[in-house]
Amino acid sequence: MKIDKDFKIGDIDNRIYGSFIEQLGRAVYGGIYEPGHETADEKGFRQDVMKLVKQLKVPVIRYPGGNFVSGYNWEDGVGPVEQRPRRLELAWKTIETNSFGTNEFVQWAREVNADVMMAVNLGTRGVDEARNLIEYCNHPGGTYWSDLRKSHGYKDPHNIKMWCLGNEMDGPWQIGQKTADEYGRIACETAKVMKWVDPSIELIACGSSFRAMPTFGQWEATVLEHTYEHVDYISLHTYYGNPQNDISNYLARTMDMDQFIRSVIATADYVQTKKGSKKKIHLSFDEWNVWYHSLESDKKMSPWQIAPAQLEDTYNFEDALVVGCMLITLLKHADRVKMACLAQLVNVIAPIMTTTGGPSWCQTIFYPFMHASLYGRGTALLPLVWSPVYDSKDFTDVPYLESAAVYNEELEELTIFAVNRDEKRTLVLECEIREFAGYKAIEHIVLENEDLKAVNSQDKPDQVVPHNNRTVQLDNGLLTAELPKVSWNVIRLKK
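We now turn to the structure provided with this report. Quick caveat, the model's predicted, so the values are computed rather than measured.

What counts as what
Residues numbered from 1 in each chain as written. Predicted model: local features only at pLDDT ≥ 70, side-chain atom pairs only at ≥ 80, totals over all residues. Heavy atoms only, no water. Pairing = 2+ DSSP bridges. Helix = DSSP H or I, 4+ residues; strand = E, 2+ residues; numbered from the N terminus. Axes fitted to C-alpha atoms, helices over the stretch in contact; angles between N-to-C directions. Salt bridge = Lys/Arg side-chain N within 4 Å of Asp/Glu carboxyl O. Buried < 20%, exposed > 50% of the residue type's maximum accessible area, 1.4 Å probe, protein only.

What follows concerns the sheet that holds strand E22 (residues 473-475). Taken together, three strands build an open sheet; the order of strands is E19-E23-E22 and the sheet is antiparallel. Each having just a single partner strand, strand E19 (427-432) and E22 make up the two edges of the open sheet. Direction aside, the axes of adjacent strands within the sheet are offset by 20° on average. The sheet contact formed by E19 and strand E23 (residues 478-483) spans six bridges and is antiparallel. Within E23, the residue paired with valine 428 across the bridge is glutamate 482.

Structure (structure tokens):
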């Protein structure tokens with residue numbers, strides 16, 4: 001590898017280390033909110049969970065969905081809790097008590113030092129609901145909805161600046177599924193009125209639910225032709241899994257993610273050219289993760305429960321490697337991917353798990369996400385990489401070395417993130433960093449395990465945890481380090 005300060009991809013927007021809380025399963029109830037828990041404060045917020053969330057330094061959290069939002073009446077979740085209605089929640093076939101809603105989430109997000117990315121319902125509702133919600137959240141006062149917020153005990157506006165215009169509106173599973181033209185029109189009109197209420201907000205239009213959708217590409221083009229001058233981002237969603245137990249193919253799946261991003265950029269730029277616009281649309285990768293472990297068990301779940309254990313994937317070591325590769329892929333596109341949300345944050349396909357009434361612990365994927373969030377801030381550099389390659393079932397010329405480099409000029413730090421995909425051999429990394437005179441290696445963090453299926457659990461929370469490796473050498477601008485077989489690595493240097 002060769003790294004040069006002048007070979008820049010772009011400045012990293014800290015919001016690529018965002019996450020997601022949906023009113024789904026035990027993400028809220030029994031997750032971030034559990035009145036009566038021994039660690040809960042007077043608002044019912046679990047302090048043990050807060051502590052772990054703060055370790056991740058999550059800058060923005062998307063809420064309240066997800067599929068949930070397409071059937072959600074936000075008015076059900078504000079005001080006196082004892083007056084809030086219980087509803088059949090059709091997206092996940094549960095009962096929603098609404099004892100936790102918009103105001104509670106905004107308050108919780110502030111306490112974990114995160115901004116809110118709010119989604120509006122464009123499934124069963126539309127322009128009117130969206131303009132009322134943003135007035136409730138962001139207008140100072142003197143109007144019906146802003147004064148209603150004040151009467152609920154929130155004198156100051158929430159000032160939420162990021163808003164999703166619906167969720168996965170092309171999906172047949174979505175309440176209120178729409179064609180691209182139908183969605184593009186309502187998203188455009190919703191965007192207009194929301195920015196009339198608060199011109200300072202940023203808006204995210206729904207892209208395809210995932211790359212394999214039959215309308216992918218054409219959906220993005222049509223939606224952007226309707227909304228281009230009124231929105232700021234187009235969304236991407238993707239999840240990966242290893243149901244065939246093919247590790248070499250699983251670790252290569254981020255090549256698909258890379259092409260997905262490139263395709264959406266190309267489509268957005270096509271619409272820009274077609275419209276002759278000076279405006280550049282950026283990408284919000286606001287759902288990404290590994291998700292497949294819980295799919296079969298969730299099919300057997302009885303409907304109409306309150307906060308059942310849904311989408312509770314138990315992540316193993318190989319899942320952490322894939323999450324690491326996905327983080328590296330986001331960094332490789334830091335010039336256009338400006339927001340991203342690991343889906344989700346607590347209990348539901350999450351890095352943090354809890355037992356209702358019991359302890360909390362970190363899943364394997366917690367660690368690469370934390371490392372990237374802590375040390376992946378600054379400027380994404382474009383390293384020149386020479387790596388041996390392999391072929392897998394679905395991919396050719398897969399590099400054994402998956403890597404990204406981040407330069408933090410303010411802190412005078414250089415961080416190399418690297419995954420060794422080789423299942424059998426240590427990779428010896430030689431990295432030329434002559435541009436970084438006076439730098440020294442301060443840390444080489446490694447996440448490795450002989451058992452690819454090793455997991456962390458309530459009883460054994462430390463089966464897969466990172467450690468420091470002392471193999472880094474630096475001599476006359478040439479860094480040498482050993483990357484153990486199938487491992488996640490963080491090499492930190494400082495002037």
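This model, assessed by the stated rule, comprises 35 salt bridges. Residues arginine 46 and aspartate 48 are paired through a salt bridge, measuring 2.7 Å at the closest nitrogen-oxygen approach. Here arginine 46 matches aspartate 48 in class, with each residue buried. With a closest N to O distance of 2.7 Å, arginine 492 and glutamate 443 form a salt bridge. In this pair, arginine 492 sits in strand E24 (residues 487-494) while glutamate 443 sits in strand E20 (residues 440-447), placing the two residues 49 residues apart along the sequence. If you follow the salt bridges from partner to partner, you end up with Asp41, Glu42, Lys43 and Glu111 in one network.

Function cannot be inferred from these measures alone, as they are strictly geometric.
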